[in-house]
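A structural walkthrough
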Amino acid sequence: MAFGFLEEAEFVGLSADWSNIPVEQQLLINKLIENGQKHLFLDWDAPGTSDAEKAVFLDALAKVDGNYPGGLAGYIANSRTLLAEAREGLNPFEGLTPEQPEKVDLTSFSDEFEKYEAIGAAKFDKVGVVLVAGGLGERLGYNGIKVDIAVEVLEETSYLKHYADNLLAMQAASESKRPVPFIIMVSQDTGPKTLESLEANNYFGMQKEQVYILKQELVPAIADNDGALALDGKYQLALKPHGHGDIHMLLHTSGVAAKLAGEGIEYLMFIQDTNGPSFNTLPAALGVSVANGYDFNSLAIKRRPGEAVGGLARLVGEGKEFTLNVEYNQLDPLLRATINPEGDVGDETGYSPFPGNCNTLMIKVASYVKILEATQGIIAEFVNPKYSDETKTAFKKPTRLETMMQDLPKLFGESEKVGVTIFDRMWSFSPNKNNIADAAAKYASGGPADASATAENDFYGAGRARLKAAGMLVDEGEEILILGVPFTVGPKVILRPSFAMTLEEGRRKVSGGSISGDATLIIDGADVTLENVELSGPSALVVKACAGAKVTARGTFENEGYELVTLSDDERSADSDIEEYIKIRGYKFKNRGAAVFEFNEPGEYVVEQ
Ligand code: UGB
């Protein structure tokens with residue numbers, strides 16, 4: 001392979017090195033130079049200097065070239081097109097007017113809710129769960145991976161364990177007992193620690209074979225409107241994440257989607273890394289998808305105006321109509337340009353007229369596999385450069401192309417049906433995204449805090465709701481602020497998925513009783529029943545029963561329970577040895593004498609004080 005650019009004096013170092021470079025990499029260099037990337041190879045040192053760095057650099061270029069459909073030339077071409085559109089300020093929704101999407105309102109526990117839950121629960125062994133966990137969660141400022149954070153700190157259950165518990169409960173409740181496939185998308189940032197966590201915990205009781213790890217790759221950062229690849233040093237390519245939309249391409253290229261379809265999996269539920277309540281909604285959302293023939297079901301909440309969650313809308317234009325998430329940064333301009341000059345404001349209810357996207361998606365596998373085959377799973381990309389000034393000629397920092405998993409309906413044809421299912425917020429959506437200071441500021445300005453403390457608070461809140469639906473008298477508690485973030489001092493209720501995944505199951509296992517004050521109730525086990533259990537004040541009852549242990553808990557339990565203790569500044573400081581997932585919420589619980597009953601052998605037991 002001849003070096004085609006010898007006439008350029010700037011390439012002296014590269015041309016001297018040329019014969020040491022493998023032929024495929026020579027081809028790639030030529031292709032890149034033809035595509036406007038000569039800056040990557042200027043001023044190369046002569047052979048003998050930085051040889052190892054150069055080799056690593058060329059390997060990195062070859063890797064990203066191989067990872068992206070269409071290679072680096074395709075990535076550069078797509079970048080130029082999208083950057084030109086962004087510079088012109090083209091409205092991606094030009095000619096489209098937002099209307100209400102087709103939706104099912106399940107914000108309260110009605111007969112309809114239970115009807116859908118029953119339909120869904122009958123199909124637990126036809127579902128796979130897809131967790132997108134490639135993000136680092138920079139807004140949260142946590143040093144490890146987000147799925148290792150505890151969703152609650154009474155028992156310090158990590159998100160990953162909580163999700164695994166739900167999968168195990170689903171398979172135990174199904175007739176076939178078939179392991180529920182669990183697909184986890186990781187990135188180079190999160191992959192090793194995710195695997196470590198699974199291995200160290202024996203896959204949380206799941207079979208290794210039911211877990212599929214798919215790794216998303218980074219894409220090159222772009223330095224300017226001409227699509228110049230950015231460098232982090234003379235021989236280092238700057239790379240950035242491509243977004244959660246990569247999951248579709250990976251499910252296609254890995255063959256996992258087609259494999260699961262072949263094995264009889266009918267629906268895939270996509271969840272985010274730290275949305276603890278997602279599984280509360282699974283049975284009913286699945287029921288809605290089945291009953292209404294939805295190929296794509298977006299789970300939603302009542303959206304607060306300006307909130308950082310996308311709005312779900314049916315977009316209608318000449319001869320076009322599709323239901324889509326309009327991302328939060330695009331909603332306001334779209335509304336101003338079409339139906340409301342005031343933009344992203346509330347209607348008479350105070351909420352945005354468009355349901356808020358929880359990014360929990362229920363997708364029908366048959367339609368999904370067809371679309372993946374037709375499109376290779378390449379989801380519409382977008383770019384969001386931050387310009388230095390209004391001339392839009394330079395960026396404040398390099399940008400990159402991105403994709404979002406909720407954009408899949410952009411690939412749908414007329415025959416695919418998209419719907420929205422709206423749930424109560426506490427029941428369905430309480431992500432753990434913000435550090436304490438940002439969360440407090442968001443709360444102070446009227447928005448949701450979406451922090452570790454609120455995620456835990458809502459975890460107990462959903463437990464209270466489930467217990468109430470089962471017929472117990474449940475106090476709601478009172479809200480206090482911990483470091484400016486709201487937290488309810490009230491009954492802390494954890495009903496593990498092994499105990500109940502549907503309201504009907506809860507009702508079957510609970511009769512009478514009450515819980516008040518800051519009492520605690522934790523139940524884990526399929527065959528536990530509660531008969532007139534009374535818990536008040538700080539009293540706590542914890543019952544854990546293995547498979548085959550039939551436990552009846554009855555009567556009043558009185559003890560000192562768990563005490564909520566806020567952390568001192570010293571405890572929250574970087575050098576304190578308190579776990580980071582405790583520090584990021586600003587409090588912990590101290591066990592002052594909770595009544596704990598554990599049954600590890602099958603048998604019949606009664607628990608009384
Ligand atoms: N994620 C990946 O797996 N890979 C990536 O490259 C990036 C992310 P963010 P975002 O629920 O509050 C989404 O960053 O993108 C995973 C919706 O677009 O937390 O700002 C990551 O690990 C928005 O409409 O969220 O916003 C995490 O699990 C709204 O619903 C997930 O993707 C918003 O979420 C989300 O990543 C919300």
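Data block above holds the structure.
This write-up is about the structure you can find in this document. Worth saying up front: this structure is predicted, and the values here are computed from it rather than measured.

The next point concerns unusual backbone geometry. What you tend to see is this: most non-glycine residues have negative phi, and most peptide bonds are trans. For E156, which is not glycine, the phi torsion reads 55 degrees and is therefore positive. Along the chain, E156 turns up in the loop between β4 (150-152) and β5 (157-158). Even without being a glycine, L483 presents a positive backbone phi close to 55 degrees. You can call L483 partly exposed: its relative accessible area is 40%.

Taken as a whole and judged by the stated rule, the model has 32 salt bridges. With its nearest N and O atoms 3.5 Å apart, the salt bridge here joins D407 to K410. Taking the shortest distance from any N to any O, the salt bridge between E571 and K588 comes out at 3.2 Å. Highlighted residues: E571 in helix α17 (residues 569-572) and K588 in strand β31 (residues 587-591), separated in sequence by 17 residues. Taken together, the shared-partner salt bridges connect E152, E155, R496 and K544 into one network.

Inspection of the secondary structure assignment puts I184 in strand β6 (residues 182-186). A relative accessible area of 0% places I184 in the buried class. Look past the residues within four positions of I184 in its chain and what remains in contact with it is L131, A133, L160, T194, L198, V211, Y212, I213 and L214.

What follows covers the layout of surface pockets. Estimates place the volume of the second largest pocket at around 620 Å³. Lining the second largest pocket are 25 residues, with S498, D524, G525, A545 and A547 positioned closest to its centre. If you list the elements that add at least two residues to the lining of the second largest pocket, you get α6 (159-173), β28 (540-545) and β32 (595-599). If you tally residues by element for the lining of the second largest pocket, the top one is α6, at six residues. Taken together, the residues of the lining of the second largest pocket break down into twelve nonpolar, five polar and eight charged. When we break the lining of the second largest pocket down by domain, the ones giving at least three residues each are domain 2 (97-433) and domain 3 (462-609).

Inspection of the secondary structure puts T360 in strand β15 (residues 356-364). Each residue touching T360, except ones within four places of it in the same chain, is listed here: M269, F270, I271, N275, S278, N297, S298 and L299.

On to the sheet that holds strand β23 (residues 492-495). The sheet built from four strands is open, its strands ordered β23-β26-β28-β32 with parallel pairing. Either end of the sheet is taken by a strand with one partner, and the two such strands are β23 and β32. Pairwise comparison of adjacent strand axes, ignoring direction, gives a mean angle of 5 degrees for this sheet. Note that β23 and strand β26 (residues 520-524) share four bridges and pair parallel. Looking at β26, one finds that V493 is bridged to L521. Of the strands in this sheet, β23 and β26 touch helix α15 (residues 452-469), which is tilted by about 75 degrees from β23.

Right, let's get into the packing of helix α8 (residues 246-253) against helix α12 (residues 365-375). Interhelical geometry of α8 versus α12 gives an angle of 90 degrees and a closest axis separation of 10 Å. With respect to their mutual orientation, α8 and α12 come out roughly perpendicular. Judged by residue contacts, I247, H248, L251 and H252 of α8 engage Y368, L372 and E373 from α12. A breakdown of the residues in the contact of α8 with α12 according to their chemical character gives four nonpolar, two polar and one charged.

Looking along a regular strand, one sees the side chains alternate between the two faces of the sheet. The sheet contact formed by strand β13 (residues 311-317) and strand β14 (residues 320-326) spans seven bridges and is antiparallel. Along β14, the bridge assignment pairs L315 with F322.

Thresholds applied
- Residues numbered from 1 in each chain as written.
- Predicted model: local features only at pLDDT ≥ 70, side-chain atom pairs only at ≥ 80, totals over all residues.
- Heavy atoms only, no water.
- Helix = DSSP H or I, 4+ residues; strand = E, 2+ residues; numbered from the N terminus.
- Buried < 20%, exposed > 50% of the residue type's maximum accessible area, 1.4 Å probe, protein only.
- Salt bridge = Lys/Arg side-chain N within 4 Å of Asp/Glu carboxyl O.
- Contact = heavy atoms within 4.5 Å.
- 1 Å grid on protein atoms, 1.4 Å probe; cavity = no way out; pocket = protein on both sides within 12 Å on 5 of 7 lines; lining within 4 Å.
- Points joined across faces, edges and corners; volume = space filled by probe spheres on them.
- Nonpolar A, V, L, I, M, F, W, Y, C, P; charged D, E, K, R; others polar.
- Domains from an automatic or database assignment.
- Pairing = 2+ DSSP bridges.
- Axes fitted to C-alpha atoms, helices over the stretch in contact; angles between N-to-C directions.
- Parallel < 35°, antiparallel > 145°, perpendicular 65-115°, else oblique.

Function-wise, these values are silent; they only describe arrangement.
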